[in-house]
Amino acid sequence: MARIDLVDLAHSYLVGDDLPPQAYALKPVSMTWRQGGAYALLGPSGCGKTTLLNIISGIVTPSRGKILFDGRDVTELSTRDRNIAQVFQFPVIYDTMTVRENLAFPLKNRGVPKADIAKRVAEIADLLDLTPNLNRKATRLTADAKQKISLGRGLVRNDVAAILFDEPLTVIDPHLKWELRSKLKALHRALDLTMIYVTHDQTEALTFADTVVVMHDGRVVQSGTPEELFERPAHTFVGYFIGSPGMNVVPAEVKGREALVAGHRVPLARSYDKLPAGKIEIGVRPEFVHVAASAPGLVTGRIERIDDLGRIRFASVRVGDVKFAARVPDGFSPSGDEVALRFEPSRIHVYADSEIVEGSSLEQVA
Amino acid sequence: MDKVVNQKAWFLVLPVFAIVAFSAILPLMTVVNYSVQDTFGNNQFFWNGVGWFKELLDPSSDLGGRFFASLWRNLAFSAIILAIEVPLGIVVALAMPRHGWSVAFCLVIMALPLLIPWNVVGTIWQIFGRPDIGLMGYTLNHLGFNYNYVSNEFDAWATVVVMDVWHWTSLVALLCYAGLKSIPDAYYQAAQIDGASRWAVFKAIQLPKMHRVLLIAVLLRFMDSFMIYTEPFVVTGGGPGNSTTFISIELVKIALGQFDLGKAAALSIVYNLIIIIVCWVFYTVMTNAGAERRPAEGSV
């Protein structure tokens, strides 16, 4: 059990001193994973999340920077000496061994006395509901039981600093995914272990973790609770990667307390007087844009499509040459194509070159 | 249930059937025919029943004695080369690089001996081992070893065994290498995390994953070595004495040297049966092992 610090960590799979920034699979990052936290590393394929995970477990040695476990520098330590457990995308089990032997393997390799091994294996098997299968060949079990065995091999060692999961539910049947995920959450609560969970599935990340770290193009773009990611995306990527449909991000001219979008004025809750140079965009989640009947003073557009998601309806509305996803209020049925959009000013964020810009909220407007 | 009857398939099957009959079944039947008859030439045949088989399987007769002697030699030869080639092949496969340009280089080098025709291999070693002009024979003799595969039984055996190891270890190594390459990196990473030693990784991951290709390798090498003819025939001609006369060499001697077609036919059939039975046993073992390995779904 440990706190993990990443200090100015970066990695490139190429070797050399003067590499261009795009050669880095993981761009410089410094962050702290607190002991006992449940973290999710979320991002699309190729964003560097597995690289970061492998650096923490020691499978990959970073090109620069340091990793500290409870303040101790482990950057140069091998995986074996790091007290890390890792569960891989595909279940890794030792084919010729029984479930019991699989669970005992890490302890046997470390020369733990037989009696202690037996006791510990029994405990962990009980925790993971594997007791009835202990004497069966591990190859004969289903994928989810195999994943439990891989997890169990990590848990039997009582000195693990953290458990890393690399998209562990990829090969699990959908109806068992939910079950296994709840099992993980329960284990996290029961064992007070640091868990880091890599996934590209936002549902998995948001339900599992109390802190979600969103990665994009080798960079950590935001780290926060699921609510923070939803309500205040620090980067346009977080906006449209999380949420379904994702955040509306449209080019705009922003002056003071007003944004000009496709010729329409949209009031903002905060004032933006000194904007950095760069591409200016505003972002607002579809949940906070409401379709309304046309009225003077509102942004007007044409409905192209309405998607009924069951308990909620979203319309795709074209305004000039930009498109908005907007919530259709219950009971509202548009008469004709022309509709208006009503924005919640406090939910609109302004982005310069994809990074969020803090406005000054001298007078709070709800 | 109305099944559509389509006799057209026969037109596709018949040519194959005819070719197989002409090239395999008819010649085989001729052999069966010879094995139950005796001939004094001139195309005159006399019925002999199972006489040749009785004689063949009776170690006290001349034919039986020769058969059993060559059978034991053959089994010993197969056992020795398997005992060398399989572990050596595994070691070579483990030592081969897994990434980079050297992979292609190694594969080509490994494949070279497999591409050389049998009798050329025999000729290479026949010359290589000669004490007067052969590099190996000359060197060994000058280092003080009295090596001569023409007159010394042990030297003859050693030469034939080393030649076979040289010729065929690559096959085992390439098969094992294919098996090793199919192991995902995650297994090695997990083993690292579990603190496994090099030996434990081999025992827990690599050997089980090579299990099936190894069975194939053993099967192929057993059959091939059990049927070996060309190389020892070229190198030692079955000598000195009869010390490297394997079944196939004995068979050719009986059939073409003495022209005892009945005895040779009986020997051929028994020889064939041995190989088929061994293959069947191997096949059964392999498929059973495979069935055991298949995970039973929904059996948590």
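Because the structure is predicted, anything quoted here is derived from the model rather than measured.

The rules behind the values
- Positions within a chain are numbered from 1, following the residues in the order the chain's sequence is written.
- A letter from A marks each chain and a number from 1 marks each ligand, given out in the order of writing.
- Given that the model is predicted, a residue must reach a pLDDT of at least 70 before its local features are reported, and side-chain atom pairs must reach 80 or more before they are shown or counted; all residues, however, enter totals for whole chains, interfaces and linings.
- Only hydrogens and water are removed before side-chain values are computed, so all heavy atoms of the structure are retained for them.
- Numbering of helices and strands runs from the N terminus; a helix is a DSSP stretch of H or I covering at least four residues, while a strand is a stretch of E covering at least two.
- Exposure is judged per residue with a 1.4 Å probe applied to protein chains only, and the accessible area is read against the type maximum: over 50% gives exposed, under 20% gives buried, and values in between give partly exposed.
- When checking whether two residues touch, look at their non-hydrogen atoms; a contact exists if any pair is within 4.5 Å.
- In this description, accessible areas are obtained by the Shrake-Rupley approach with a 1.4 Å probe, and a residue is regarded as covered only by the protein chains that are shown.
- For the purpose of charge, His is not counted, nor are the chain termini; Lys and Arg are scored as positive and Asp and Glu as negative.
- A charge is said to be at NZ when it belongs to Lys, at CZ for Arg, at CG for Asp and at CD for Glu.
- N or O atoms within 3.5 Å of each other form a polar contact, as long as, within protein, one can give a hydrogen and the other can take it, and as long as residues adjacent in sequence are counted only when both atoms are side-chain atoms.
- By nonpolar core is meant a set of buried Ala, Val, Leu, Ile, Met, Phe, Trp, Tyr and Cys residues that side-chain atoms within 4.5 Å join together.
- Grouping into patches uses exposed residues only, defined as over 30% relative accessible area, and leaves out salt-bridged ones; the cut-off is 9 Å for like charges and 5 Å for nonpolar side chains (Val, Leu, Ile, Met, Phe, Trp, Tyr).
- Note on definitions: salt bridges are taken to be side-chain nitrogens of Lys or Arg within 4 Å of carboxyl oxygens of Asp or Glu.
- Think of it this way: DSSP has to see at least two bridges between two strands before they count as a pair.

J.: Looking at this structure, how should I read the overall build of chain A?
T.: Looking only at helices and strands, one finds eight helices and 21 strands in chain A. Judged by the C-alpha coordinates and their principal axes, chain A covers about 80 × 50 × 35 Å. Per-residue burial over chain A gives 54% buried out of 366 residues. In chain A, 68% of the contacts between residues at least 6 apart in sequence involve partners at least 24 apart. When the accessible area of chain A is evaluated, it comes to approximately 16500 Å², of which 50% is carbon and sulfur surface. Mean positive and mean negative side-chain charge positions of chain A (45 and 45 charges, respectively) differ by 5 Å.

J.: So what exactly am I meant to see when it comes to the environment of H349(A) here?
T.: All names here are of chain A. If you trace the backbone, H349 turns up in strand 20 (residues 349–352). Measuring from C-alpha to C-alpha, the distance between H349 and V99 comes to 52 Å, with 250 residues separating the pair along the chain. When near neighbours in sequence (up to four residues on either side) are disregarded, H349 contacts E231, R232, P233, R270, E281, I282, G283 and I356. A polar contact of 2.9 Å, which involves the side chain of H349, links it to the backbone oxygen of E231.

J.: Mind showing me how you'd approach the nonpolar core here?
T.: Buried together is how nonpolar side chains tend to be arranged in soluble globular proteins. Within the largest apolar cluster, 56 residues are counted, with the highest numbers of intra-cluster contacts made by Y94(A), I205(B) and M210(B). The leading source of residues in this core is helix 9 (residues 198–226) of chain B, at 14 residues. Not counting residues up to four positions away in its chain, the partners in contact with M210(B) are I90(B), C176(B), L180(B) and F202(B). Counting 47 residues, the second-largest nonpolar core is a separate cluster that includes V87(A), A138(A), V160(A) and I163(A).

J.: How do you make sense of a nonpolar patch on the surface when you look at a structure like this?
T.: On the surface, a cluster of nonpolar side chains totalling about 1000 Å² of accessible area is made up of W10(B), L12(B), V13(B), L14(B), V16(B), F17(B), V20(B), I25(B), L28(B), M29(B) and V32(B). According to the relative accessible area criterion, V20(B) is partly exposed, its value standing at 37%.

J.: Quick question: what am I supposed to make of the side chain of S225(B) here?
T.: Residue and element names in this part refer to chain B. Its location among the elements puts S225 in helix 9. S225 gets classed as buried once you look at its relative accessible area, which sits at 0%. Side-chain polar atoms of S225 contact the backbone oxygen of R221, separated by 2.8 Å.

J.: Looking at this model, I keep getting lost on the pairing of strand 12 (residues 253–261) of chain A. Mind explaining?
T.: The side chains of a regular strand alternate, residue by residue, between the two faces of the sheet. Where strand 12 of chain A and strand 13 (residues 264–272) of chain A come together, five bridges link them in antiparallel fashion. Bridge pairing in strand 13 of chain A links E258(A) to P267(A).

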